[in-house]
Each structure stands twice: as C-alpha cells, then as structure tokens.
Amino acid sequence: MPLEPTLLDRPRLPATPAPLDWVTLADAFEVACLLRCVSAPAAPAAPVRAGRRPAAPAHPHAGPAAEFNREDAAHRMRQLLARLEIPVRHEVTTGGLRRRYELHRLQVAREHRAAYAALVETGWRQGRRELLGGPASGASAPRRTWRPRLAAAAWRASLLAGGRHVRRHILGIRLTDRELAAVLVRGAALLEVPALLRPGAGCFVVSVADGPDRDRILHSVTLDPATGPGVAAVG
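Residues numbered from 1 in each chain as written. Predicted model: local features only at pLDDT ≥ 70, side-chain atom pairs only at ≥ 80, totals over all residues. Heavy atoms only, no water.

Student: Got a minute to help me understand the packing of helix H1 (residues 22–37) against helix H2 (residues 71–83) in this structure?
Tutor: Any two packed helices are characterised by how steeply their axes cross, that is the angle between the axes, and by the distance between the axes. In contact at an axis separation of 9 Å, H1 and H2 are set at 145 degrees when each is read in the N-to-C sense. The two elements H1 and H2 meet at a crossing, and its hand is left-handed. In this structure, H1 uses Asp27, Glu30, Val31, Leu34 and Leu35 to contact H2, whose residues at the interface are Ala73, Arg76, Met77, Leu80, Leu81 and Arg83. Considering only residue class, the contact of H1 with H2 consists of 7 nonpolar, no polar and 4 charged. (Axes fitted to C-alpha atoms, helices over the stretch in contact; angles between N-to-C directions. Helix = DSSP H or I, 4+ residues; strand = E, 2+ residues; numbered from the N terminus. Left-handed = near helix turned anticlockwise from the far one by under 90°. Contact = heavy atoms within 4.5 Å. Nonpolar A, V, L, I, M, F, W, Y, C, P; charged D, E, K, R; others polar.)

This is how it looks when you write it as structure tokens:
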C-alpha cells in the first residue's frame, strides 16, 4: 500500500512579498504607472530547452527596457529608479525626416532585473489595492495621507507618458490599459475631482473638466512628497 505523502512532500507555495513602506510604494507605484502608459519593446527570444516553457515575467510591463517618446517621462523614471537603487542606462535615438523625433530607451542591467520586476509588481499590486479599495472606516493617519499621494503619482505618470487628449473644455489622457484608467478615475475622486471614463478608438480616455478641476489635478501632480515640492511639474 503506497504511503500517504507527508507535509514535507507537498510543493511549497511561493512566498508573498512583504508590503512596501509608504515612501517606497509611492515610487514603485509611479514606475508601474509609467510602464503601463507605454508598451515594452520586444526583447530577443531566449533559447528554450526541450520540454520547458519560457518563463513569463512577473509583471507584463516590467521588461528589461522601456521606451518613451518624451524626455521628461524618461527623466522621471530615471529619478524614481535612482531612489529605488535600480541602476538604469539611458539611450537616446533620433529619427524622422521632415518631422524629427527622439526615442528615449531605459535599460536595466541584467543583475538588477529581478529586483526591478519585483518592485514594479509589488508596487502596482499594493498601490492599486490602496486606490481601488473602498474607504476603510478608522483608517490610520498614514493611510489617509498617502492614498491621495498615490493618486497624484498615477496622474503624474499618465500625464507624462500617456497620450494627451487636451480640448478647450477638458484635460484628458488616452490609455490602452483598462486597469490604469480605473485607477485614474478613482484617484481623481480621492483628489476631490470628478473624472469621466469613456472608450476611444482602441483606447480609453480619462478626462476632467477645464477650470478648477484641471487646476486641482495639475497642482497635485507638481508635488512630490518624497523629495519636496517642485519636482516633475506637468504643464
């Protein structure tokens, strides 16, 4: 008669990463939002041994490199990764004929990619949970302080790296990521600004009205609580 497996024979579940402190969370969450605004460039396929499946990245956007078509978005991500102690190489490519453009590519060194992917994954999951979760009665003072800062981080990243959709009567952002769009709507509510979400041509458009609502969003994103005011201003 076969013996029943003991507890030691059972496969162990992967350990859940420890939650990030608020300052680290704000930086990691903003990095994750920047990445969700852009598509990671295709990486060369690694050889796969017979009978093995290629390992999928922990976070679909946290590849070894990210590309931005705006210098201020690339600069912001470099600043955040420096605070998170993730070295990155910044390469600039210029192209176009009649209309010139710059492409900013940020490359994470191989030995830091695991830590980078883990920060992005944990930052997004924890930050998203904080913003999309309902208002908790009796929430701690740090949580009441940092939830609006996470909301501002999501809007700052999206205004820097997302597609601007500015009209006379609205300030809008075009996104292909449904989850980030939901985070922006909820984040705007935390900043006491009503936001609208509507489908666009192959994307989602999140917008706030011009006037006091637009001014409140722009004022919120110019404040960086980890380093003080005046960082990463978005016009």
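Student: For this particular structure, what's the right way to read H1?
Tutor: Each α-helix winds once per 3.6 residues, and so residues spaced three or four apart point in a common direction. In a regular helix each residue adds 1.5 Å, so 16 residues correspond to 22 Å; H1 covers 23 Å between its end C-alpha atoms and thus fits that length. Among the 16 residues that make up H1, 13 are buried, leaving the element largely enclosed by the rest of the structure. For H1, the N-terminal capping position is held by Asp21, with its side-chain oxygen 3.1 Å away from the main-chain nitrogen of Val23. (Expected span 1.5 Å × (residues − 1). Buried < 20%, exposed > 50% of the residue type's maximum accessible area, 1.4 Å probe, protein only. Polar contact = N/O pair within 3.5 Å; in protein donor to acceptor, adjacent residues only side chain to side chain.)

Student: Sorry if this is basic, but what is going on with helix H3 (residues 113–132) here?
Tutor: Over its 20 residues, H3 extends 28 Å from the first C-alpha to the last, a length consistent with the 28 Å expected when each residue adds 1.5 Å. Listed in full, the buried residues belonging to H3 are Tyr116, Ala117, Leu119, Val120, Thr122, Gly123, Trp124, Gln126, Gly127, Glu130 and Leu131.

Student: Help me understand the sheet that holds strand E2 (residues 88–95), please; the structure alone is not making it clear to me.
Tutor: By definition, the strands of a sheet pair up through backbone hydrogen bonds, in either a parallel or an antiparallel sense. The strand order across the open sheet formed by 3 strands is E1-E3-E2, and the pairing between neighbours is antiparallel. In this open sheet, the two edge strands, each paired with only one partner strand, are strand E1 (65–68) and E2. On average, each strand axis in the sheet is tilted by 20 degrees relative to the strand beside it, whichever way the strands run. Where E1 meets strand E3 (residues 101–108), 4 bridges bridge the pair, whose relative direction is antiparallel. What sits directly across from Phe68, in E3, is His104. (Pairing = 2+ DSSP bridges.)

Student: What is the right way to look at the packing of aromatic side chains in this model?
Tutor: Pairs of aromatic rings are described using the distance from one ring centre to the other and the angle between the two planes. Applying the stated criterion across every chain, the model contains 2 aromatic pairs. Residue placement shows Arg36 over the ring face of Trp124; its charged tip is 4.0 Å from the ring centre. Here the basic side chain of Arg149 rests over the ring of Trp146, its NZ or CZ set 4.7 Å away from the ring centre. (Phe/Tyr/Trp six-rings, centres within 6.5 Å; stacked < 30°, edge-to-face > 60°. Lys NZ or Arg CZ within 6 Å of the ring centre and 35° of its normal.)

Student: Help me out: how do you make sense of the sheet that holds strand E6 (residues 196–199) in this one?
Tutor: Taken in spatial order, the 4 strands make up an open sheet running E4-E5-E7-E6, and their pairing is antiparallel. Sheet topology places strand E4 (163–167) and E6 at the edges, where each strand pairs with a single neighbour. The mean inter-strand angle of the sheet, taken between neighbouring strand axes irrespective of direction, is 25 degrees. In this sheet, strand E7 (residues 204–209) lies alongside strand E5 (residues 170–175) in antiparallel orientation, the contact comprising 6 bridges. Of the residues in E7, the one forming a bridge with Leu171 is Val208. On the sheet, helix H4 (residues 141–161) packs against E4, E5 and E7 and is oriented at approximately 80 degrees with respect to E5.

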